[in-house]
Structures are given as C-alpha cells and as structure tokens.
Amino acid sequence: MDRGTVGSANQGRLKVGVRTEGRSEVLTPAGELDHHTAELLREPLDAALEQGRTRLVIDCSQLAFCDSTGLNVLLGARLKAEAAGGGVHLAGMQPVVARVFEITGAEAVFTVHDSLDAALAD
C-alpha cells in the first residue's frame, strides 16, 4: 500500500512533507486532515518525537480542512512534545482551519504564528 494515502477513496487527500530546519522539525500537511487521513500526520509526528525532535512546527498554510480527529492528532503530539520539554507550533493557518481551533478553544493551548518564518524565528 502506498504510505502516502489511506484507502483508494482518499488517494491524494493529504500529503505530509517533513524536514528539519535548525532546532525544529517542520511538518507540512497539504490537503484535508480528517478521520480518514489523520494517521498520515500522526506517523511522522510520532517518528519525530521518537527521534528526539521535540520542537514541532506544523506549517498549516496548505491545510484545507481539519476535523476533530485531526485536531486530536495535534493535541496528542502537543502533550508528548511538552512532556519531552518541547512544544507544537502552528503556522500560517487558513481561515477555515483557524476557525476550528477558535471554536474549540484549542488555539489557547498551541503557540500560533502568522507564518512559517515567524514560527521558525521564535
């Protein structure tokens, strides 16, 4: 099975880029983060934490949608990162995604930046 997709009905709905920039592990989910695709983000988040990368920056600029399952993946990563002395930074959220964080109150528990550059500079 192609590791970039979950089931044929969801092919291409979410892709996650991963790179290291300085002390940050930058993950760039592109597409829709939901019940069907959440594992595609959870796996690289867990892998980064297992490698000792505790400052996680999620570049949300290409994220078109996020449901409660996607939000829970990010909250879980935040708990693990903070337990290891790090944190999760969200950058460049599109309005539709930012609204989910606002409605649920999750924006209060994350460090949110207007852009990826701002998150990396922090």
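Because the structure is a prediction, the values reported are computed rather than measured.

### Comments concerning helix α2 (residues 68-83)
End to end, α2 covers 22 Å across 16 residues, agreeing with the expected 22 Å (1.5 Å per residue, within 8%). In this structure, the buried residues of α2 make contact with β2 (24-33), α1 (38-50), β3 (55-59), β4 (63-66), β5 (87-91) and α3 (95-104). Sitting at the amino-terminal end of α2 is Asp-67, which places a side-chain oxygen 3.0 Å from the backbone nitrogen of Thr-69.

### What about the environment of Leu-120?
Tracing the backbone through its elements, the reader meets Leu-120 in helix α4 (residues 116-121). Through-space distance from the C-alpha of Leu-120 to that of Arg-19 is 12 Å; in sequence the pair is 101 residues apart. Residues in contact with Leu-120, not counting those within four places in the same chain, are Glu-21, Ser-24, Val-26 and Val-57.

### Some points on the side chain of Arg-53
Along the polypeptide, Arg-53 turns up in the loop between α1 and β3. Here the side chain of Arg-53 touches Gly-22 through a polar contact of 3.1 Å, landing on its backbone oxygen. Among the polar contacts listed, one links the side chain of Arg-53 to the backbone oxygen of Ser-24, at a separation of 3.1 Å.

### A word on the confidence of the model for the chain
Looking at the chain, pLDDT values average 91 and 90% of them are 70 or higher. Below pLDDT 50 for its whole length, residues 1-9 participates in 13 contacts with residues either more than four positions away or in separate chains.

### Here we look at the nonpolar core
Within soluble globular proteins, side chains that are nonpolar generally end up buried alongside one another. Counting residues in hydrophobic clusters, the biggest one holds 26 residues, and the most contacted among them are Leu-45, Leu-56, Ile-58, Leu-74, Val-88, Leu-90 and Phe-101. Contributing elements (two or more residues each) for this core: β2, α1, β3, β4, α2, β5 and α3. Counting 5 residues, the second-largest nonpolar core is a separate cluster that includes Val-26, Val-57, Ala-91 and Ala-119.

What counts and what doesn't
- Residues numbered from 1 in each chain as written.
- Predicted model: local features only at pLDDT ≥ 70, side-chain atom pairs only at ≥ 80, totals over all residues.
- Heavy atoms only, no water.
- Helix = DSSP H or I, 4+ residues; strand = E, 2+ residues; numbered from the N terminus.
- Expected span 1.5 Å × (residues − 1).
- Contact = heavy atoms within 4.5 Å.
- Polar contact = N/O pair within 3.5 Å; in protein donor to acceptor, adjacent residues only side chain to side chain.
- pLDDT = per-residue confidence, 0-100.
- Core = buried A, V, L, I, M, F, W, Y, C linked by side-chain atoms within 4.5 Å.
- Buried < 20%, exposed > 50% of the residue type's maximum accessible area, 1.4 Å probe, protein only.

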